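Chains, contacts and geometry: an overview
For reference, the chains in residue letters:
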Amino acid sequence: MKQVGVVLGSREVRPLDFWVAVPEGSYLRLDDLVYVEFPHPDPGRGCVRYYGMVDEVFKVYEGNTFDTDVFLAQRELLPVSVSYVAHVQVTRILPEEYLPPNPGAPVYLANEQEPLALALYYEGMGDRKMPVGVLKNGEVVYVNFDFLNGFKGGHVNISGVSGVAAKTSYATFLLHSLFHSPANPQKATTRAIIFNVKGEDLFYLDKPNRGLREEDRLVYQKLGLPPHPFESVAFLAPPRKTPGEVLPDVARMDATPYHWDLVQFCREGLLPFLFADRGAMSNLGFLIDQVTERLRRLVEGQRGPGLLVEDWVDEVAVEGAGRGFEELGKQRVVSFSQLVRYIEFKLLGPEAAPEEERQKGDPLWTARQTRSTLEAFARRLRAAVGSVAHLIRGDRPGRPPDPLGGAAQVSVVDIHQLPAQAQMFVVGALLKSIFERKERDEYGGRVFVVLDELNKYAPREGDSPIKDILLDIAERGRSLGVILIGAQQTASEVEGRVVGNAAIRVVGRLDAAEAERPEYRYLPPSFRQRAVILPQGTMILHQPEVPVPLALTFPLPAWAMKREEVQEDLSAEALSRLLD
């Protein structure tokens, strides 16, 4: 029990905050946890103890009048004394008696196990404590797992400047803790999906990081986590745009290529995810829904990968493509571009027909929309061919990403080389599949989805199918066991309900203008100021049970976050030491 000062008597002492005078030879820093105890005014009621965090510190000369007196004091020509004071924001009072502590009451550091646990409510978390970092005093920071897994709350939101805030590194560290902390007893049925949006950095999560130092290993030991890479990872990548065998379009050749066949695309209702600007036209959304439903009915009873259609002959198809069913009065559609031409035929009529006939599309498909709306739909659909034709195909049976069907705990889904429209399609289609399977109770475990660049997928303005899915996950996902770990540079550009539903919020370094936005008002002013200068590896975390944010650090990832960090050619003996 180390005394670091006394309650200051020259300033108002309140039940929820007070000032501490720090004597010579002692010190208090921002984020230090302290407590003060004084006897209850009612005899027989025992003592009241206040726990709090230092959120402001300063020094000032006492005895000088003018600013230039500091030079006289330096030359010992003016008698002054140094006043060293710290402001404490109370985090807890035991028992809950809102009385001001007495001026002059001794103030102690809460750096021992019991006072620290009481100051940060750890004792109430019981066996649900999940380590998420380390405080400046070296003590472990915990979050209540019930506020992460959906039981009491769910979702994590991480904000920070790209390349400096270490958002992806911290998200993977949270997953590492999730899969190894005793707080999660259902590790075997927990799954994580990470969308790889930048380079191939996340394709080395199963490789040791050669930059890991001994001090990092000691931090992992303090946290109770093993300092080794992820052990159960599947890597999924889009296929190359080359004919023949379907191969992954990444350097790692053991990655599994994914794509959808035409029947899967139609049956699962994935057409809307090709339209990121559904709100741009008032009638476009209705038409998209109508065509999606017609496609779903079209493939009823069909197995794929291609699909059969009636009353249409593709004059553009190359010789042999889609042929062989003419005697049945049907055309086989074997590519996405063919499917687009078929939809155009249904909406606008035969392309070679006279203008007056072309305006007569199939009313079951057109939903009686105006020609301008139909043409706008067709233009957008044609524009998607170059982006997604290799992902939606009819020449081979589909192999969509299936993170819940495999044995791997973590699935890395690569989208970094895809055009923006194709990225939106893959993310939307996969999230829709996961959410619907959870709604049907086809998978009982928890599913954690790591998605960076939330401002692109769920922007504050506009309307799109993928934004609807993310809103569903944010608002209903925790009750189904679908938890979003979302990240973005600027939370101010993300749909407010997506950010607002996150029980745990994390901030790395912020842009100065962004730090003043209303989305960060949950941080006290001193924390918003510090967020502008946070070094890499330092985060500010806010959780529901602790009334103040906590500044923490986390160790260097034990797994490689890029190709240059991979530790190569480990002997069996060295690998055994690493995993011990």
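Residues numbered from 1 in each chain as written. Predicted model: local features only at pLDDT ≥ 70, side-chain atom pairs only at ≥ 80, totals over all residues. Heavy atoms only, no water.

1. Considering the overall build of the protein
We count it as follows: Strands are runs of DSSP state E lasting at least two residues, helices are runs of H or I lasting at least four, and both sets are numbered from the N terminus onward. Each residue's exposure class comes from its accessible area (1.4 Å probe, protein chains only) as a fraction of the maximum for that residue type: buried when under 20%, exposed when over 50%, partly exposed otherwise. Contacts between residues were defined by any pair of non-hydrogen atoms, one from each residue, lying within 4.5 Å. Here the Shrake-Rupley method, with its probe set to 1.4 Å, supplies the accessible areas, and only the displayed protein chains count as covering residues.
For the protein, the helix and strand inventory stands at 17 helices and 22 strands. Split into buried and exposed, the 580 residues of the protein put 53% on the buried side. In the protein, the proportion of contacts linking residues at least 24 apart, taken out of those at least 6 apart, comes to 72%. With an accessible surface of roughly 25,900 Å², the protein has 49% of that area assigned to carbon and sulfur atoms.

2. Focus on the sheet that holds strand 5 (residues 81-94)
Where we set the bar: A pair of strands is considered paired only if DSSP assigns at least 2 bridges between the two. Fitting a line to C-alpha atoms yields each axis, with helices limited to the stretch in contact; the angle taken between N-to-C directions then spans 0 to 180 degrees.
With respect to topology, six strands assemble into a closed barrel ordered 1-2-5-4-3-6, the strand pairing being antiparallel. For this sheet the average axis-to-axis angle between neighbouring strands, irrespective of direction, equals 40°. Strand direction decides the pairing type here: strand 2 (residues 17-21) and strand 5, joined by five bridges, are antiparallel. Bridging from a neighbouring strand, Asp-17 pairs with Gln-89 of strand 5.

3. Overview of helix 13 (residues 465-480)
Going by this rule: A helix is expected to reach a length of 1.5 Å times the quantity of its residues less one. Note that bend, as reported per residue, equals the angle between axes fitted to the 7 residues terminating at that residue and the 7 residues originating from it.
Along its 16 residues, helix 13 runs just 20 Å from first to last C-alpha, ending more than 12% under the 22 Å computed at 1.5 Å per residue. Of all bends in helix 13, the biggest is about 50°, found at Ala-474. Among all positions in helix 13, only Pro-465, Ile-466, Lys-467, Ile-469, Leu-470, Leu-471, Ile-473, Ala-474 and Gly-477 are buried. Among the structural elements, helix 11 (420-439), strand 18 (447-451), helix 12 (454-457), strand 19 (482-488) and helix 14 (496-500) are those in contact with the buried residues of helix 13. Within two residues after helix 13, Gly-481 carries a phi angle of roughly 90°, on the positive side.

4. A few points about the nonpolar core
Definition in use: We call a set of buried Ala, Val, Leu, Ile, Met, Phe, Trp, Tyr and Cys residues a nonpolar core when their side-chain atoms join them within 4.5 Å.
Membership of the largest hydrophobic core comes to 156 residues, with the highest contact counts inside it found for Tyr-170, Phe-195 and Phe-377. For this core, the element with the highest residue contribution is helix 11, accounting for ten residues. Excluding residues that lie within four positions of it along the chain, Phe-195 makes contacts with Leu-202, Val-413, Ile-415, Val-427, Leu-430, Leu-431, Val-449, Val-450 and Leu-451.

5. Some remarks on the pattern of salt bridges
This is how it is decided: Put simply, a salt bridge is a Lys or Arg side-chain nitrogen that is within 4 Å of an Asp or Glu carboxyl oxygen.
Per the counting criterion, the structure on display carries 30 salt bridges. When the shortest N-O distance is used, the salt bridge between Asp-17 and Arg-14 registers 3.5 Å. Classification of Arg-14 as partly exposed rests on a relative accessible area of 38%. Of the charged contacts in the structure, one is a salt bridge between Asp-206 and Arg-252, with a shortest N-O distance of 2.7 Å. Placement of Asp-206 in the loop between strand 10 (191-196) and helix 4 (214-223) and of Arg-252 in the loop between strand 11 (233-237) and strand 12 (256-257) is noted, with a sequence separation of 46 residues between them. Classification of Asp-206 as partly exposed rests on a relative accessible area of 24%. We classify Arg-252 as buried; its relative accessible area is 14%. Put simply, Asp-402, Arg-437, Arg-440 and Glu-442 are held in one network by salt bridges that share partners.

6. Brief notes about the packing of aromatic side chains
Under the convention used in this document: The criterion for an aromatic pair is that two Phe, Tyr or Trp rings (for Trp, the six-membered ring) have centres within 6.5 Å, with stacked assigned to planes under 30 degrees apart, edge-to-face to planes over 60 apart and tilted to the rest. Here, over-ring charges are defined by two tests on the NZ atom of lysine or the CZ atom of arginine: distance to the ring centre within 6 Å, and angle to the ring normal within 35 degrees.
Applying the stated rule across the entire model yields 16 aromatic pairs. Among the aromatic residues, those joined into a cluster by ring pairs are Tyr-258, Trp-260, Phe-265, Phe-336 and Phe-425. It is Arg-11 that lies over the ring of Trp-19; its NZ or CZ is 4.4 Å from the centre. Seen from the ring of Tyr-121, Arg-92 lies directly overhead, with NZ or CZ sitting 4.3 Å from the centre.

7. Topic: the confidence of the model for the protein
How we decide: Every residue carries a pLDDT, the predictor's confidence in it, which falls somewhere between 0 and 100.
Across the protein, the average pLDDT comes to 89, with 92% of residues at 70 or higher. No element of the protein has a lower mean pLDDT than helix 17 (residues 572-579), which averages 49, and none a higher one than strand 18, which averages 97. Long-range and interchain partners of residues 571-575, a stretch whose pLDDT sits below 50, account for one contact in this model, where long-range means more than four residues apart.

8. Some details on the packing of helix 6 (residues 284-298) against helix 7 (residues 336-348)
Filter applied, for reference: An angle below 35 degrees is read as roughly parallel, one above 145 as roughly antiparallel, one from 65 to 115 as roughly perpendicular, and any other as oblique. In this scheme the handedness of a crossing depends on how the near helix is turned from the far one: anticlockwise by less than a right angle means left-handed, clockwise means right-handed. Residue classes follow a fixed rule: Ala, Val, Leu, Ile, Met, Phe, Trp, Tyr, Cys and Pro count as nonpolar, while Asp, Glu, Lys and Arg count as charged, and any other residue, Gly among them, counts as polar.
Two elements in contact, helix 6 and helix 7, have axes separated by 12 Å at closest approach and are oriented at 115°. Between helix 6 and helix 7, the interaxial angle falls into the category roughly perpendicular. Judged by the twist between their axes, the crossing of helix 6 over helix 7 is right-handed. From helix 6, Leu-287, Val-291, Leu-295 and Leu-298 reach across to helix 7, where they touch Leu-339, Tyr-342, Ile-343 and Leu-347. The class makeup of the residues in the contact of helix 6 with helix 7 is eight nonpolar, no polar and no charged.

9. Comments concerning the side chain of Ser-83
In this structure, Ser-83 sits in strand 5. Classification of Ser-83 by relative accessible area gives buried; the value is 13%. Leave out the neighbours within four places in its chain, and Ser-83 touches Phe-58, Lys-59, Val-60 and Glu-62.

10. Things to note about helix 10 (residues 371-388)
Its 18 residues place the ends of helix 10 26 Å apart at the C-alpha level, agreeing with the 26 Å of an ideal helix rising 1.5 Å per residue. Of the residues making up helix 10, those classed as buried are Thr-373, Leu-374, Ala-376, Phe-377, Ala-378, Leu-381, Ala-384, Val-385, Ser-387 and Val-388. Packed against the buried residues of helix 10 are helix 6, helix 7, helix 9 (363-366), strand 16 (392-393) and helix 11.

11. A word on the packing of helix 11 against helix 13
Put simply, helix 11 and helix 13 touch, their axes get as near as 10 Å, and they point 30° apart. Looking at the two axes, helix 11 sits roughly parallel to helix 13. Here helix 11 runs over helix 13; the crossing is left-handed. Two secondary-structure elements touch here, helix 11 through Met-424, Val-427, Gly-428, Leu-431, Lys-432, Phe-435, Lys-438 and Glu-439 and helix 13 through Ile-466, Ile-469, Leu-470, Asp-472, Ile-473, Arg-476, Gly-477 and Leu-480. Residue composition of the contact of helix 11 with helix 13, grouped by class: nine nonpolar, two polar and five charged.

12. Observations regarding the pairing of strand 5
Of all the 14 residues making up strand 5, ten are buried; the element is thus mostly covered by neighbouring parts of the structure. As paired strands, strand 4 (residues 47-62) and strand 5 are joined by 13 bridges and run antiparallel to one another. The partner of Met-53 across the bridge, within strand 5, is Gln-89.

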